[in-house]
Amino acid sequence: MRFLLFGLLWILMVACTTAPTGIVPVKNDETAIDYVGLQRALGMDIPIYKLGYREKTFDTCQAGYGYSGTKNCHREFMVVINIRLQCRDTEGTVSEGVTNADLTPIASRSVKWKLRGAQGATQTDSEGFAQIRAVSARSQKTERLKLAVDNEFLYMRANEITRVVTPRPWCNP
């Protein structure tokens, strides 16, 4: 009985300490990247009111701003998305068109975002403008971007998002 118990424990130890093939260990030393500095260096410092998606590739060893100049050199994509969030005072579909007078900026609110492999938070200004910055190993143009304000959220293709008009629940802080 003792040998059987010892044998089972030994099998469990070996099974738990053996990593499956094809899995790359996670880096423990997260690099602190200066996204604002990188954005400026890549010529992507666009005024917040110029809405839309932009991306640019760069070599990490030539970039600086937190990237090593000699280790793990590869190409990455810098993504900058300028958005404007506004809410309308109606819910559901409307029979008449929505005009600017019907819209209220979602002002000074925290916006959480997720974009395939990247996530973060940004803040809208007094007119509802916000900017998302991310770095990715691949293009994010056609990926789904999730935006969340409090308990409300929406998904859109990253390269299609500009001005977002939301229903009334988004207006309430």
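Because the structure is a prediction, the values reported are computed rather than measured.

**Looking at the pattern of salt bridges**
- A full pass over the atoms with the stated rule returns four salt bridges.
- Note that Arg40 is salt-bridged to Asp45, the shortest N-O span being 3.8 Å.
- Within this structure, Arg116, Arg138 and Glu143 form a network of salt bridges that share partners.

**Re the confidence of the model for the protein chain**
- A residue-level look at the protein chain finds 76% of positions with pLDDT of 70 or above and a mean pLDDT of 81.
- Overall, residues 1-29 carries pLDDT values under 50, and its contacts beyond four positions in sequence, including any with other chains, amount to one contact.

**Focus on the packing of aromatic side chains**
- For the coordinates displayed, the defined rule picks out two aromatic pairs.
- Relative to Tyr67, the ring of Phe58 lies with its centre 5.6 Å away and its plane at 65°, an arrangement referred to as edge-to-face.
- A relative accessible area of 4% places Phe58 in the buried class.
- A cation sits over an aromatic face here: Arg144 above Tyr155, 4.0 Å from the ring centre.
- Above the ring of Phe153, the side-chain terminus of Lys146 is found at 4.8 Å from the ring centroid.

**Brief notes about the pairing of strand 5 (residues 118-123)**
- As paired strands, strand 4 (residues 110-115) and strand 5 are joined by six bridges and run antiparallel to one another. Bridging across to strand 5, Ser110 finds its partner in Gln123.

**Regarding the sheet that holds strand 8 (residues 152-157)**
- In spatial order, the strands read 5-4-7-8; together these four strands make up an open sheet with antiparallel pairing. Since the sheet does not close on itself, it has two edges, and those belong to strand 5 and strand 8, each with one partner. Strand-to-strand twist of the sheet, defined as the mean angle between neighbouring strand axes without regard to direction, takes the value 20°.

**Thoughts on the state of the cysteines**
- All told, the structure shown has two disulfides when counted by the stated rule.
- Cys61 shares a disulfide with Cys73; S-S distance 1.6 Å. Disulfide Cys61 to Cys73: torsion about the S-S bond roughly -90°, handedness left-handed. Residue Cys61 is found in helix 3 (residues 60-63), and its partner Cys73 is found in the loop between helix 3 and strand 2 (75-88); the two are separated by twelve residues along the sequence.
- Exposure remark for Cys61: the relative accessible area of 17% places this residue in the buried category.
- Covalently, Cys87 is tied to Cys171 through a disulfide, its sulfur atoms 1.7 Å apart. Because the torsion about its S-S bond is 125°, the bridge between Cys87 and Cys171 counts as right-handed. You can see Cys87 sitting in strand 2 and its partner Cys171 sitting in the segment after strand 9 (163-166), a full 84 residues away along the chain.
- Here the bonded cysteines of the protein chain are numbered in sequence order, and their pairing is 1-2, 3-4.

Thresholds applied
- Residues numbered from 1 in each chain as written.
- Predicted model: local features only at pLDDT ≥ 70, side-chain atom pairs only at ≥ 80, totals over all residues.
- Heavy atoms only, no water.
- Salt bridge = Lys/Arg side-chain N within 4 Å of Asp/Glu carboxyl O.
- pLDDT = per-residue confidence, 0-100.
- Contact = heavy atoms within 4.5 Å.
- Phe/Tyr/Trp six-rings, centres within 6.5 Å; stacked < 30°, edge-to-face > 60°.
- Buried < 20%, exposed > 50% of the residue type's maximum accessible area, 1.4 Å probe, protein only.
- Lys NZ or Arg CZ within 6 Å of the ring centre and 35° of its normal.
- Pairing = 2+ DSSP bridges.
- Helix = DSSP H or I, 4+ residues; strand = E, 2+ residues; numbered from the N terminus.
- Axes fitted to C-alpha atoms, helices over the stretch in contact; angles between N-to-C directions.
- Disulfide = S-S within 2.5 Å.

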